[in-house]
Amino acid sequence: MDDVALNKVFHDHECAYYDERFGIVHDEDSAARAEAEVTALLGAPLRPGDVVVDVGCGTGWFAAGLQRARPDVTVVGLDLSAGMLGRAAAAGARLLVQGDATCLPFADASVDVVVGRGVLHHLPEPLAALREWRRVLRPDGAVVLSSEPTPVVETHGGWLLSVLLRLPGLRGGLAPEDEFWELAAMAANLHTFTRTDLVRLAAAAGYADIDVAASGFAETLAMTASYAVHGHNPALAGVVPWRRLTAAGALADRLAWDRALPARWRHTLTGRLRP
Ligand SMILES: C[S@@+](CC[C@H](N)C(=O)[O-])C[C@H]1O[C@@H](n2cnc3c(N)ncnc32)[C@H](O)[C@@H]1O
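In this text, all values refer to a predicted model and were calculated from it rather than measured experimentally. Residue indices begin from 1 for each chain and proceed along its sequence in written order. Residues qualify for local features only when their pLDDT is at least 70, as the model is predicted, and side-chain atom pairs are given and counted only at 80 or more; totals for whole chains, interfaces and linings, by contrast, use all residues.

With that out of the way, let us pick up the sheet that holds strand β3 (residues 95-98). Ordered by their spatial adjacency, seven strands build an open sheet running β3-β2-β1-β4-β5-β7-β6, and the pairing between neighbours is mixed. Both outer strands of the open sheet, β3 and β6 (209-215), are each paired with one neighbouring strand and no more. Across the sheet, the mean angle separating the axes of adjacent strands is 15 degrees when strand polarity is ignored. A pair of strands is considered paired only if DSSP assigns at least 2 bridges between the two. In this description a helix means any DSSP run of H or I spanning at least four residues, a strand means any run of E spanning at least two, and both kinds are numbered starting from the N terminus. Across seven bridges, the pairing between β6 and strand β7 (residues 268-274) is antiparallel. By the bridge assignment for β7, Asp209 is matched with Arg274. Each axis is a line fitted through C-alpha atoms, and for a helix only the stretch in contact is used; angles between axes span 0 to 180 degrees, taken between their N-to-C directions.

To decide whether a residue is near a molecule or strand, its C-beta atom is placed from the backbone and checked for lying within 6 Å of it. The local shell around the ligand holds 19 residues, among which His11, Gly56, Gly58, Ala101 and Arg117 are the closest. For the shell around the ligand, the leading source of residues is helix α1 (residues 3-14), giving three residues. Classes in brief: Ala, Val, Leu, Ile, Met, Phe, Trp, Tyr, Cys and Pro nonpolar; Asp, Glu, Lys and Arg charged; the others, Gly included, polar. Grouping the constituent residues of the shell around the ligand by class yields eight nonpolar, eight polar and three charged.

The next thing to look at is the pairing of strand β1 (residues 51-55). Counting buried positions over the five residues of β1 gives four, a clear majority of the element. Two strands pair when backbone bridges link them, and β1 and strand β2 (residues 74-79) are joined in this way by five bridges, in the parallel orientation. Pairing of Val53 across the sheet is with Val76, part of β2. The handedness of a crossover follows from its direction of travel: if, with the strands pointing away from the viewer, the path from the first strand over the helix to the second runs clockwise, the crossover is right-handed. A crossover links β1 with its parallel partner β2, the connecting element being helix α4 (residues 61-69), and its sense is right-handed. Pairing analysis gives four bridges linking β1 to strand β4 (residues 111-117), with the strands arranged parallel. For Val52, the partnering residue across the bridge sits in β4 and is Val113. With C-beta atoms placed from the backbone, a residue is buried if 20 or more other C-beta atoms are within 10 Å of its own, exposed if 12 or fewer are, and partly exposed between those counts.

All right, on to the pairing of β3 then. Alignment of β2 against β3, held across four bridges, turns out to be parallel. The partner of Leu78 across the bridge, within β3, is Val97. Regarding topology, helix α5 (residues 82-91) serves as the crossover connection from β2 to the parallel β3, and that connection is right-handed.

Below, the structure is given as structure tokens:
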């Protein structure tokens with residue numbers, strides 16, 4: 001099975017529990033947060049009539065959230081996984097298309113903003129994808145990237161898991177089928193990127209204006225814990241207030257960790273690329 005097929009099969013399975021394990025709800029608050037995230041990265045609000053493509057839209061964080069927050073823009077969600085697209089539709093996304101992020105069914109220079117949240121690291125050829133996203137952008141358009149993992153998040157996540165999985169209630173192996181899907185989750189994550197890696201890729205893909213930054217620490221650790229505990233002991237996971245923990249982590253990141261930690265310790269990349 002190649003890496004694209006693996007991603008399709010895995011995400012068709014993961015769609016059933018993705019939102020729960022990552023603490024995602026699709027409500028007015030998340031819609032406002034999705035819009036605020038895009039506005040901050042773009043450096044300006046979306047304009048009425050803008051065409052936005054959410055590549056690897058998953059369960060619809062952007063595809064549904066942006067559309068709900070901004071009914072005056074057209075948001076198209078694209079994903080490999082039919083299962084994920086079904087979830088995005090249920091979350092309120094209006095225009096959805098099944099396809100590959102490296103081969104978009106859109107004309108040259110027809111899109112104002114491409115958003116990609118946590119998708120580039122799943123693609124076998126991120127450079128080809130960035131070139132393809134540039135192809136569909138209008139000359140004044142932009143790509144907005146978020147939640148791309150840096151190498152250190154795997155190290156820190158591994159340390160956290162080795163502690164968590166020794167705790168009572170989490171100790172002991174998984175059933176073989178569950179073990180298989182946990183391994184598939186790891187296999188579907190094809191890359192991590194340093195800031196330098198991503199800047200180089202974007203430059204090679206032909207972007208002239210590249211603004212990429214590393215941030216995040218406590219929020220990703222809370223999400224890693226949530227994902228693991230849900231996988232190993234759903235009953236125990238049900239009693240932990242994951243969304244509050246994740247929100248507290250995000251606040252701690254903004255107030256302290258993003259300022260205090262050296263860039264090489266930060267867990268995710270966000271950015272804006274313009275042709
Ligand atoms: C980590 S999820 C992110 C989902 C969503 N953007 C979010 O932030 O919640 C990655 C998504 O990328 C999709 N994906 C993986 N490879 C893809 C590809 N080659 N083309 C399009 N989508 C892909 C997966 O199906 C999955 O829905």
